[in-house]
Amino acid sequence: MTTPPQQPRIQLTNTPEYREGYANSVQIRVSLWDFLLLFGLVNQTAPDNVNIHNFQGVYLSPQQAKALLNVLQQNVSQYEAAFGEIKLEPKAGAGSVQ
């Protein structure tokens, strides 16, 4: 009988460039080779004027994007089970992912 391989020990280390921030806008751009997540802050200065200031872009391989999708779905499901359904605002317009 073969013993299953042991899981590697994972050690997380923050680089000097590491930072945390708040984003209330995430735009997604997709190409054949990768996904680009653009994180930003939305500032609505008037009913007809919305500014989005992007501050970080993160490229993911398609495999990592799918893994992120799965992890987010699991965590959102657990959050909603504990605190109730997360309501989304009505979509302002079709076409862009925010």
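None of these values were measured; they are calculated from a predicted model.

In this section: the overall build of the chain. Of regular secondary structure, the chain possesses one helix and three strands. For the chain, the N- to C-terminal ordering of α and β elements is β-β-β-α. Against the compact-globule benchmark of 13 Å for 98 residues, the chain has a radius of gyration of 18 Å, which places it well outside the compact range. By its C-alpha atoms, the chain is 65 × 35 × 30 Å across when sized along the principal axes. Counting across all 98 residues of the chain, residues that qualify as buried make up 8%. Across the chain, the fraction of contacts at a sequence separation of at least 24, relative to all contacts at a separation of at least 6, is 31%. With the model as given, the accessible surface of the chain reaches about 9300 Å², and the carbon-plus-sulfur share is 56%.

Let us now look at the pairing of strand β3 (residues 49-60). In the case of a regular strand, side chains alternate between the two sheet surfaces. With 11 bridges connecting them, strand β2 (residues 35-46) and β3 associate as antiparallel partners. Of the residues in β3, the one forming a bridge with Val42 is Ile52.

Where charged atoms from two side chains of opposite charge approach closely, those side chains can pair. The tally for this structure, following the rule as stated, stands at one salt bridge. Two residues, Lys87 and Glu85, come together in a salt bridge whose shortest N-O distance is 3.4 Å. A residue is classified by how much of its surface remains accessible, and Lys87, at 65% relative accessible area, is exposed.

So, about the sheet that holds strand β1 (residues 25-30). Backbone-to-backbone hydrogen bonds join strands into a sheet, with any given pair of strands oriented parallel or antiparallel. Within the open sheet, the three strands sit side by side as β1-β2-β3. Their pairing is antiparallel. Each having just a single partner strand, β1 and β3 make up the two edges of the open sheet. Sheet twist, expressed as the mean angle between neighbouring strand axes with direction ignored, is 25 degrees. Sheet analysis places β1 next to β2, joined by six bridges and oriented antiparallel. Directly across from Gln27, in β2, lies its bridge partner Leu38.

Here we come to the side chain of Gln27. When you line up the elements, Gln27 lands in strand β1. In this structure Gln27 comes out as buried when scored by relative accessible area, which is 17%. Engagement of the side chain of Gln27 in a polar contact is seen with the side chain of Asn54, the distance being 3.0 Å.

Reading the values: the criteria
Residues numbered from 1 in each chain as written. Predicted model: local features only at pLDDT ≥ 70, side-chain atom pairs only at ≥ 80, totals over all residues. Heavy atoms only, no water. Helix = DSSP H or I, 4+ residues; strand = E, 2+ residues; numbered from the N terminus. Rg over C-alpha atoms; globule rule 2.2 N^0.38 Å. Buried < 20%, exposed > 50% of the residue type's maximum accessible area, 1.4 Å probe, protein only. Contact = heavy atoms within 4.5 Å. Areas by Shrake-Rupley, 256 points an atom, 1.4 Å probe, with all protein chains shown as cover. Pairing = 2+ DSSP bridges. Salt bridge = Lys/Arg side-chain N within 4 Å of Asp/Glu carboxyl O. Axes fitted to C-alpha atoms, helices over the stretch in contact; angles between N-to-C directions. Polar contact = N/O pair within 3.5 Å; in protein donor to acceptor, adjacent residues only side chain to side chain.

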